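Residue-level structure breakdown
Below, each chain spelled out in residue letters.
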Amino acid sequence: MNTPEHSQLGKASSYADQYDASLLFPIARLPKRQEIGVGAAPLFFGADLWTAFELSWLNARGKPQLALAHITVPCETPNIIESKSFKLYLNSFNNTRFLDAAEVQARLRADLSEAAWRGAAQPSTVGVKLVLPESFDREPLHELDGLSLDRLDVECTRYQPAPELLTAAFDEAPVTEVLTSNLLKSNCLVTGQPDWGSVRIAYSGPQIEQEGLLQYLVSFRNHNEFHEQCVERIFMDVWTRCKPVKLTVYARYTRRGGLDINPFRTSHPQALPANVRTARQ
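Okay, so let's go over this structure. (Residues numbered from 1 in each chain as written. Predicted model: local features only at pLDDT ≥ 70, side-chain atom pairs only at ≥ 80, totals over all residues. Heavy atoms only, no water.)

Turning our attention to the pairing of strand 11 (residues 246–253). Counting buried positions along strand 11 gives seven out of eight residues, so the element sits mostly inside the fold. In this structure, strand 9 (residues 194–205) lies alongside strand 11, joined through eight bridges in antiparallel fashion. Residue pairing in the sheet places Gly197 in a bridge with Tyr253 of strand 11. Pairing analysis gives three bridges linking strand 11 to strand 12 (residues 259–266), with the strands arranged antiparallel. Paired with Tyr250 across the bridge in strand 12 is Phe264. Hairpin geometry of strand 11 and strand 12 is characterised by an intervening segment of five residues between the two adjacent antiparallel strands and by a positive phi of about 65° at Gly257. (Buried < 20%, exposed > 50% of the residue type's maximum accessible area, 1.4 Å probe, protein only. Helix = DSSP H or I, 4+ residues; strand = E, 2+ residues; numbered from the N terminus. Pairing = 2+ DSSP bridges.)

Right, here's the structure in full:
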């Protein structure tokens, strides 16, 4: 089984400029999920929405082509794809000739699906959409909708995840709320480099105490974990401590190495959000 320590994270790497699918490095989701009380059958649905901003290849005549790529990796996949390996893999397209964008899209879908679903009893596919240059100016930008927790003037003293900060009004009427914060920060599990994000929490159930929720989100500030793992930890802590009837946690992280990762987890089946970047992305 691949582990984060065996990846290229934090190591000097050579950059292949010829297509090489073997560069992709899948890491099993299960060990980190077991840490937060999630077994082989999670109680949430969702996906990891990736955006690749640095995708280029050569056409049949050797002329460089480029595109943005939106990738949707279902959270049911047994593996995440380590982001530096994803970057190295995309770089391997740079001097490789492809017939057209459709061939590139098909190659991405096949390779990413194999890596994400590796080891699954019934493998499926990941979603891949290419945005070509003539459509770049139609790519939207929008902040996460909801009531901002950042308006609160709170004292913050905890910088490792502190779920005990979460409380809810169990003896009052249930509510439905959408709350946001731009103050989410964690660090890479391996390198310790900072990961900056915005988070949206939508729920129905006992009203969550907002100051405690903001302090809890801030408590990830010195925590080392991958994006997907942080969002699942937030989901499980809120679910366990505040006992909502419905819960959705959606985070959008700023890009690194030309990639951003935006995990979405929900307690109930619903459509995935549009992969729309925020201003910081």
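This part is about the packing of aromatic side chains. Inspection of every chain in the model, using the stated rule, returns eleven aromatic pairs. Ring geometry for Tyr19 and Phe93: centres 5.5 Å apart, planes at 80°, overall edge-to-face. Separated by 74 residues along the polypeptide, Tyr19 in the segment before strand 1 (26–28) and Phe93 in the loop between helix 2 (83–91) and helix 3 (101–117) bring together distant segments of the chain. The exposure class assigned to Tyr19 is partly exposed, which follows from its relative accessible area of 29%. Here Phe86 and Tyr89 contribute two aromatic rings whose centre-to-centre distance is 6.5 Å and whose plane-to-plane angle is 50°, an arrangement assigned as tilted. In this pair, Phe86 and Tyr89 both sit in helix 2, three residues apart, roughly one turn of the helix. Taken individually, Phe86 and Tyr89 each receive the classification buried, so the pair is uniform in this respect. Across the ring face of Trp196, the terminal group of Lys185 is positioned such that the distance to the ring centre comes to 5.8 Å. Its end group placed over the ring of Phe53, Arg255 keeps NZ or CZ at 3.5 Å from the ring centre. (Phe/Tyr/Trp six-rings, centres within 6.5 Å; stacked < 30°, edge-to-face > 60°. Lys NZ or Arg CZ within 6 Å of the ring centre and 35° of its normal.)

Looking now at unusual backbone geometry. In this structure, Lys243 takes a positive phi of about 50° despite not being glycine. Tracing the backbone shows Lys243 in the loop between helix 5 (227–242) and strand 11.

It is worth spelling out the pattern of salt bridges at this point. Enumeration according to the criterion identifies twelve salt bridges in this entry. Lys32 is the partner of Glu225 in a salt bridge, and the nearest nitrogen-oxygen pair spans 3.4 Å. Within this pair, whereas Glu225 is found in the loop between helix 4 (210–218) and helix 5, its partner Lys32 is found in helix 1 (residues 30–35), the two being separated by 193 residues in sequence. The exposure classification of Glu225 matches that of Lys32, with both residues buried. (Salt bridge = Lys/Arg side-chain N within 4 Å of Asp/Glu carboxyl O.)

On to helix 4, then. Most of helix 4 is tucked away: seven of the nine residues are buried. Within helix 4, burial applies to Gln210, Gly212, Leu213, Leu214, Tyr216, Leu217 and Val218. Buried positions along helix 4 lie against strand 6 (147–148), strand 8 (175–187), strand 9, strand 10 (207–208) and helix 5. Two or three places before Glu211, at the opening of helix 4, Glu209 has a side-chain oxygen 3.2 Å from that residue's backbone nitrogen. (Contact = heavy atoms within 4.5 Å. Polar contact = N/O pair within 3.5 Å; in protein donor to acceptor, adjacent residues only side chain to side chain.)

We now examine the pairing of strand 3 (residues 64–74). Examined bridge by bridge, strand 2 (residues 45–58) and strand 3 share ten bridges and lie antiparallel to one another. Considered in strand 3, the bridge of Leu49 is made with Thr72. Direction of pairing for strand 3 relative to strand 5 (residues 127–131): antiparallel, over a ladder of five bridges. Of the residues in strand 5, the one forming a bridge with His70 is Lys129.

What follows covers the environment of Asp48. With respect to the helices and strands, the residue Asp48 is situated in strand 2. Considered as a pair, Asp48 and Gly197 are 149 residues apart in the sequence and their alpha carbons are 14 Å apart. Sequence-distant contacts of Asp48, defined by excluding residues within four places in its chain, comprise Arg29, Ile71, Thr72, Val73, Glu228, Asn262, Pro263 and Arg265. Within the local environment of Asp48, its side chain forms a polar contact with the side chain of Arg265, the two groups lying 2.8 Å apart.

We now examine the sheet that holds strand 9. Spatially, the eight strands line up as an open sheet ordered 5-3-2-12-11-9-8-6, and their pairing is mixed. Both edges of this open sheet fall to strand 5 and strand 6, since each of them pairs with a single strand only.

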